[in-house]
Amino acid sequence: MFTRKEYATSVSGKTANGCPVRSAEPPDNMFFQFISRLRARNSTRFLKETIELKTIWGEQLNPASVLQEYPRPQLVREGYENLNGWWDYAITKTDARPDRWDGKILVPFSPEAELSGVGKALQPGQFLWYRRTLTLPEIPAGKRLLLHIGACDQRAKVFCNGQYVMEHIGGYTAFSSNLTAFVHAGDNELTVQVRDDREVSQLSRGKQSSRRGGIWYTPQSGIWQTVWYEWVPDNYVKAIRYTPDLVTNQLLYQIQAPAPAGAIVRLSLHGQPAAESAADKKGFGALAIPAEALRLWSPESPTLYDVDVTLGEDRVTSYAAMRSFGVGEDEDGTPRLFLNGKPYYHNGVLDQGYYPDGLYTAPSDEAMVFDIQLMKDMGFNMLRKHIKVEPMRWYYHCDRLGMLVWQDMINGGGNYHLLTISAPLITGIHHKDHDYKKFARTDAIARASYYTELTELIAQLYSCPCICTWVLFNEGWGQFDAAAAAEYARRLDPSRIIDHASGWHDQKIGSLQSLHVYFRPYHFKKDRLGRAVALTEFGGYTLAVPGHTWGKKRFGYKPLQDEAALCDAFRKLYEQQIIPAKQKGLAASVYTQLSDVEDECNGFVTYDRKVVKLPKQLVRELSLSLKD
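Residues numbered from 1 in each chain as written. Predicted model: local features only at pLDDT ≥ 70, side-chain atom pairs only at ≥ 80, totals over all residues. Heavy atoms only, no water.

(A) Structural detail: a positive patch on the surface. A surface patch of positive charge is lined by Lys432, Lys508, Arg520, Lys525 and Arg528. In this structure, lysine 432 sits in the loop between helix H5 (418–427) and helix H6 (444–461). (Patch = residues over 30% accessible without salt bridge, like charges linked within 9 Å, V, L, I, M, F, W, Y side chains within 5 Å. Areas by Shrake-Rupley, 256 points an atom, 1.4 Å probe, with all protein chains shown as cover. Salt bridge = Lys/Arg side-chain N within 4 Å of Asp/Glu carboxyl O. Lys, Arg positive; Asp, Glu negative; His and termini not counted. Charge placed at Lys NZ, Arg CZ, Asp CG, Glu CD. Helix = DSSP H or I, 4+ residues; strand = E, 2+ residues; numbered from the N terminus.)

Here it is in structure tokens:
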């Protein structure tokens, strides 16, 4: 095993690439693994049979200084206040404001997370309340006070000084509210009411389950990303959308503001001015980048331009990059994924983004960087952000470090129909997804909410250079009308690749075939429709590290006895399956997974991020074999 600090250090008893001498390996019982997956849904309820497990960042957490970094690097302005820290909380059976408060909660950790200091679970039908005081100066003339919440699961209502301000539905995207009309100089009471009905509703909920186990994880609720406020003028920059055009070497932009006309946008590279222009009355404009200042973004060279925007009294800083994504044919006529007009193999890892002490919430900025950098060090160039939306700082780190991101939409719907979902795995038959009952998508309001959340997701992440692919549905969970959803996503963002159905229930559309293969060796086959072929989940090799597991149960797709067996099996997997498949035409691969998560012990690193199971040099050596 390799500790977090020593994973790159060679030790005695290991081969030249750092792999231990192999010991006897147990037989690969695929049938047992398949049955385990089918039964995983009936595992123990959450908060039972778990062992206290913390990351080093959780151990060092200072409640007086929680996630204090500027929460939105893509749009920065002065004059903001971070509201993370201790808030009052209460859990009630009705939506009436509580007369008494149950105690303190450390925001932005959910009450189910150990780091919150609460240790309680919000049940369907209950209400979680937050309260804290905002002490404000006199309201400056011509200024607005905006409250920002990075994410709050699942329905949130904001109140200020007892008055209703706004409601947001959807547990994964950011939202803002204008508090100007509700506040005064001095102390103001800010209250947030939350309801999270999990499976009772068909809204997006990800891998949260009231009956956690196997591929299903501890549910979490409430505020789980940074809360902050900022002062802005009446006419202020709400957002900036960047669209690189590599044909004309222009960075196209749109300033979103009440009155964007005349906004001055300046582009610089390493402190040197590169381009400048003014937005038209609708906020559109273009920055023509001269040849000597043109630098293309890639994982190997993640060049970012600095952006400065002035709109009247408002000034914001941002960043952008020049790059393009697409699908095309290489010189041999094989469909490939393209980066900047050239074939580029996406060598990726599934990243669930869970932590034993913070659940959805990373205990520190450094914790997020550690995961991304570890995968970079192992030679990977892509992360599939699996059924979760991260804080904006996570995408910023991918942007600056150079990591492609396949972004999953969050799954929702009714009860998980095992036979429907797994039919392609057993029979090879992919069903049409307009049968809402079969796919547990009978709630028309929840289907409409899917589109609302998808719109918010794409709008929120549109300008992140790292995002290369939108994944709309995973393994048929709550899938519906995927062809229509893909067309809708394409209208919102024609600049990126779309994976309409990751795994199975392929609707035979688009430019990408997306496969999951766990229970048999993978052999490349060309897609009959001529699409690029991506192996978007595979592997899941399992090794539990004593003292670094979250519970007593173990789950994965190929159990291995020790680190030597894991090294040997991993090498064979890539040398005998993935590398030959890439040579024949495979366009992308996504290994499961970055870290252990609860019962799942199939990560490169343990759930607490303290032990790296595979030597960096072994994984990097295999990764280099996949480079174009």
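(B) Summary view of the sheet that holds strand E26 (residues 404–408). The strand order across the open sheet formed by eight strands is E28-E27-E26-E25-E24-E33-E30-E29, and the pairing between neighbours is parallel. Either end of the sheet is taken by a strand with one partner, and the two such strands are strand E28 (497–499) and strand E29 (512–517). Each strand of the sheet is rotated relative to its neighbour by a mean of 25°, with strand direction disregarded. Pairing analysis gives four bridges linking strand E25 (residues 382–385) to E26, with the strands arranged parallel. (Pairing = 2+ DSSP bridges. Axes fitted to C-alpha atoms, helices over the stretch in contact; angles between N-to-C directions.)

(C) Representation of the packing of aromatic side chains in the model. Overall, the coordinates contain 35 aromatic pairs when judged by the stated rule. On the numbers, 4.8 Å between centres and 50° between planes, the contact of tryptophan 224 with tyrosine 360 is tilted. Of this pair, tryptophan 224 sits in the loop between strand E12 (222–223) and strand E13 (227–233) while tyrosine 360 sits in the loop between strand E24 (346–351) and helix H3 (365–377); the two residues are 136 residues apart in sequence, bridging distant segments of the chain. Assigned by exposure class, tryptophan 224 and tyrosine 360 land together as buried. With a centroid separation of 6.2 Å and 55° between ring planes, the pair formed by tyrosine 518 and phenylalanine 519 is classed as tilted. Here phenylalanine 519 falls in the buried class, since its relative accessible area comes to 14%. Taken together, the ring pairs in this structure connect Phe380, Phe538, Tyr541, Phe570, Tyr574, Tyr591 and Phe604 into an aromatic cluster. (Phe/Tyr/Trp six-rings, centres within 6.5 Å; stacked < 30°, edge-to-face > 60°. Buried < 20%, exposed > 50% of the residue type's maximum accessible area, 1.4 Å probe, protein only.)

(D) Molecular detail of the sheet that holds strand E21 (residues 325–329). With respect to topology, three strands assemble into an open sheet ordered E21-E22-E23, the strand pairing being antiparallel. Among the strands making up the open sheet, the edge pair consists of E21 and strand E23 (342–343).

(E) Broad picture of the packing of H6 against helix H7 (residues 482–492). Running from amino to carboxyl end, H6 crosses H7 at an angle of 30°, the nearest separation of the two axes being 11 Å. The pairing of H6 with H7 is recorded here as roughly parallel in orientation. The hand of the H6/H7 crossing is right-handed. From H6, Tyr450, Tyr451, Leu454, Thr455 and Ile458 reach across to H7, where they touch Ala484, Ala485, Tyr488, Ala489 and Leu492. (Parallel < 35°, antiparallel > 145°, perpendicular 65-115°, else oblique. Left-handed = near helix turned anticlockwise from the far one by under 90°. Contact = heavy atoms within 4.5 Å.)

(F) Representation of the pattern of salt bridges within the structure. Tallying each qualifying case throughout the model produces 33 salt bridges. In this structure, arginine 198 engages glutamate 199 in a salt bridge whose closest nitrogen and oxygen atoms are separated by 4.0 Å. The pair arginine 198 / glutamate 199 is uniform in exposure class, with both members buried. Of the charged contacts in the structure, one is a salt bridge between lysine 385 and glutamate 390, with a shortest N-O distance of 2.7 Å. In this structure lysine 385 comes out as buried when scored by relative accessible area, which is 1%. The class of glutamate 390 is buried, set by a relative accessible area of 3%. Taken together, the shared-partner salt bridges connect Asp88, Arg97, Lys104, Arg131 and Glu189 into one network.

(G) Here's a closer look at the nonpolar core. In this structure, Met375, Tyr395, Trp406, Leu461, Leu472, Tyr574 and Phe604 are the most contacted members of the largest nonpolar core, which totals 115 residues. Here this core takes ten residues from helix H8 (residues 563–584), the largest share from any one element. In contact with tyrosine 574, not counting residues within four places along its chain, are Asn347, Phe380, Phe538, Ile579, Pro580, Tyr591, Leu622 and Leu626. Listed in part, the 31 residues of the second largest apolar core include Leu147, Leu190, Val192 and Val194. (Core = buried A, V, L, I, M, F, W, Y, C linked by side-chain atoms within 4.5 Å.)

(H) Examining the packing of H3 against helix H4 (residues 392–401) more closely. Two numbers describe how H3 lies on H4: the axes approach to 10 Å, and their chain directions differ by 35°. The hand of the H3/H4 crossing is right-handed. Contacts between H3 and H4 involve Asp365, Met368, Val369, Ile372, Gln373 and Lys376 on the former and, on the latter, Arg393, Trp394, His397, Cys398, Arg400 and Leu401. Of the residues that constitute the contact of H3 with H4, the class distribution is six nonpolar, two polar and four charged. (Nonpolar A, V, L, I, M, F, W, Y, C, P; charged D, E, K, R; others polar.)

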